[in-house]
Amino acid sequence: MEYKIKTFDELTNKELYSILRLRSEIFVVEQNCIYQDTDNKDLKAYHLMAVDKGELVAYLRILNKGVSYKETSIGRVVVKKEYRRRKLGLEIINRAIDYIKDIMKENEIRISAQVYAKNLYKKAGFKEVSEEYLEDDIPHVEMLYK
């Protein structure tokens, strides 16, 4: 497994296509949720990719503080269906946390987690800080890492 992190301007056309395809595959098709995935935040994001044999299999984006929340944030966490149950989600989240702490020198991370995945984030050290709410008709909860 190879991990890469790039700014938007560093992404190749193929990498960007793979990211948008995987996010659409999971968030729009699999979760049957019609929403605008390309929200202009990608332009300001760090894109963390897990690539296996040339194929994007897991992804998330890191946003500087002030873009989504007053804290740095992680979002759009996806793992290709065939790669689930291999702890890849936790691995990519932990790599993002390390990047945020070591490179960005930030120690707080806020996320909007789908409720079904909140235990994954708890394993990475996040704590729930809100009541459940609907985002695009999917139950979410805000979580904070300190």
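First, a word on scope: everything that follows refers to the structure included in this document.

The rules we used
- Residues numbered from 1 in each chain as written.
- Predicted model: local features only at pLDDT ≥ 70, side-chain atom pairs only at ≥ 80, totals over all residues.
- Heavy atoms only, no water.
- Phe/Tyr/Trp six-rings, centres within 6.5 Å; stacked < 30°, edge-to-face > 60°.
- Buried < 20%, exposed > 50% of the residue type's maximum accessible area, 1.4 Å probe, protein only.
- Helix = DSSP H or I, 4+ residues; strand = E, 2+ residues; numbered from the N terminus.
- Lys NZ or Arg CZ within 6 Å of the ring centre and 35° of its normal.
- Contact = heavy atoms within 4.5 Å.

### Some words on the packing of aromatic side chains
Turning to step 1, where the next piece is worked out: The final tally for this structure, using the stated rule, is three aromatic pairs.
Turning to step 2, where the next piece is worked out: When the ring of Y121 is compared with that of F126, the centres are 5.9 Å apart and the planes differ by 85°; the resulting orientation is edge-to-face.
Turning to step 3, where the next piece is worked out: With relative accessibility at 2%, the residue F126 sits in the buried group.
Turning to step 4, where the next piece is worked out: Consider the rings of F126 and Y145, whose centres lie 5.5 Å apart with planes at 55°: the pair is tilted. Here the residue F126 occupies a position in the loop between α3 (118-123) and β6 (127-128), and Y145 occupies one in strand β8 (residues 138-145), the gap between them amounting to 19 residues.
Turning to step 5, where the next piece is worked out: Assessed through its relative accessible area of 12%, Y145 is described here as buried.
Turning to step 6, where the next piece is worked out: Put simply, the rings of Y121, F126 and Y145 touch in pairs and so form one group of aromatic residues.
Turning to step 7, where the next piece is worked out: One residue, R86, lies across the ring of Y83, its end atom 4.5 Å from the ring centre.
Turning to step 8, where the next piece is worked out: In this structure, R95 packs its charged tip against the face of Y3, placed 3.7 Å from the ring centre.

### Describing the side chain of R23
Turning to step 1, where the next piece is worked out: The topology assignment puts R23 in helix α1 (residues 13-30).
Turning to step 2, where the next piece is worked out: Taking relative accessible area as the criterion, R23 reaches 0% and is therefore assigned buried.
Turning to step 3, where the next piece is worked out: In this view, R23 contacts V28, D37, D42, Y59, R61, R76 and V78; residues no more than four positions away in its chain are not counted.

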